Amino acid sequence: MPDLPKPAPPAPVLSAPARVRAVLDMWLKDHGFIRDIYCNRHRIADAAWRSAQPAPHHLRSARAAGVRTILNLRGRRDTCGSYILEREACEKLGLTLVDFPIRSRGALEKETLRAAATIFDGLEYPILIHCKSGADRAGFMAALFLFLHEKRPLNEALSQLSLKYGHIRQAKTGVIDYFFRRFREETDGSAKSFLTWIDDAYDPRELDTAFKESWAARVLVNAILRRE
């Protein structure tokens with residue numbers, strides 16, 4: 001059973017040593033030092049942003065820009081410093097943190113896709129969507145937001161899956177692009193046909209098998225960029 005969207009639990013009270021460990025874990029193990037240089041934050045629409053994993057200071061900046069909800073595509077990770085500090089910062093800032101874990105290296109389950117298609121109707125806006133790098137999962141959900149919630153043309157929505165944001169479609173993460181390609185080939189490409197296609201025709205196992213990645217892109221994304 002896939003994980004579905006849920007509000008994050010209350011943040012624990014951190015001791016001074018626990019806070020230091022969380023900061024070091026975020027900055028070193030979770031590559032937060034890179035995001036302190038560039039957090040890959042971009043505006044999707046008037047009421048939506050996308051980014052890499054935010055640190056507390058990024059969340060303060062988002063709150064100052066009016067953001068009310070954080071959509072966390074990495075899910076609940078109680079031992080990860082980034083999540084520990086994110087949950088605490090959201091609570092202090094009055095931001096709603098919604099955990100909705102999805103993957104970018106495999107076709108998503110039907111139930112997860114149904115939830116992804118409807119999640120935007122129940123959020124308080126403006127929102128910030130994030131994964132770890134802000135490239136793949138954030139791009140997928142940003143595209144769905146524009147296509148299904150904002151009613152933008154599919155081609156316009158798919159501009160969120162671009163090298164501009166760090167998305168590499170030749171790697172396994174390109175299964176996201178292949179997913180949309182198959183949807184467009186097998187339907188009229190309209191938002192109204194999306195859930196019908198998911199229910200009646202979409203086969204995640206078949207799609208995973210049919211998609212072929214480039215070995216060079218795989219090395220780049222997994223071994224060099226160390227994407228999640």
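This section reports on the structure supplied with the text. (Residues numbered from 1 in each chain as written. Predicted model: local features only at pLDDT ≥ 70, side-chain atom pairs only at ≥ 80, totals over all residues. Heavy atoms only, no water.)

**Description of the overall build of the protein**
- Helix and strand counts for the protein stand at eleven helices and six strands.
- The globule rule puts the C-alpha radius of gyration for 228 residues at 17 Å, and the 17 Å found for the protein is close to it.
- Dimensions of the protein along its principal axes, counting C-alpha atoms only, are 55 × 40 × 35 Å.
- Within the protein, buried positions represent 52% of all 228 residues.
- Pairs at least 24 apart in sequence give 73% of the contacts found in the protein among residues at least 6 apart.
- Put simply, the protein shows about 10800 Å² of open surface, and 56% of that area lies on carbon and sulfur atoms.
- Charged side chains of the protein number 36 positive and 28 negative; the gap between the two group centres comes to 5 Å. (Helix = DSSP H or I, 4+ residues; strand = E, 2+ residues; numbered from the N terminus. Rg over C-alpha atoms; globule rule 2.2 N^0.38 Å. Buried < 20%, exposed > 50% of the residue type's maximum accessible area, 1.4 Å probe, protein only. Contact = heavy atoms within 4.5 Å. Areas by Shrake-Rupley, 256 points an atom, 1.4 Å probe, with all protein chains shown as cover. Lys, Arg positive; Asp, Glu negative; His and termini not counted. Charge placed at Lys NZ, Arg CZ, Asp CG, Glu CD.)

**Focus: a nonpolar patch on the surface**
- Taken together, the side chains of Val-20, Leu-24, Trp-27, Leu-28, Phe-33 and Ile-34 make up a nonpolar region of the molecular surface, amounting to roughly 560 Å² of accessible area.
- Of all the elements in the fold, those that place two or more residues in the nonpolar patch are helix H1 (16-29) and helix H2 (32-37).
- Counting residues per element, the nonpolar patch draws most heavily on H1, at four residues.
- Mapped onto the elements of the fold, Leu-24 is located in helix H1. (Patch = residues over 30% accessible without salt bridge, like charges linked within 9 Å, V, L, I, M, F, W, Y side chains within 5 Å. Salt bridge = Lys/Arg side-chain N within 4 Å of Asp/Glu carboxyl O.)

**Structural notes on unusual backbone geometry**
- For the bond from Tyr-125 to Pro-126, the omega torsion is 0°, close enough to zero to count as cis.
- Secondary-structure assignment places Pro-126 in the loop between helix H5 (110-118) and strand E6 (127-130).
- Non-glycine residue Asn-40 carries a positive phi angle of around 55°.
- Relative to the elements of secondary structure, Asn-40 occurs in the loop between H2 and strand E2 (42-45).
- When its relative accessible area of 5% is taken as the criterion, Asn-40 is described as buried.
- The phi torsion at Lys-151 lies on the positive side, around 60°, for a residue other than glycine.
- When you line up the elements, Lys-151 lands in the loop between helix H6 (137-149) and helix H7 (154-157).

**Here we look at helix H8 (residues 175-186)**
- Over its twelve residues, H8 extends 16 Å from the first C-alpha to the last, a length consistent with the 16 Å expected when each residue adds 1.5 Å.
- Of all the residues in H8, the buried ones are Val-175, Ile-176, Asp-177, Tyr-178, Phe-179, Phe-180, Arg-182 and Phe-183.
- Buried residues in H8 make contact with H5, H6, H7, helix H9 (194-200) and helix H10 (204-210). (Expected span 1.5 Å × (residues − 1).)

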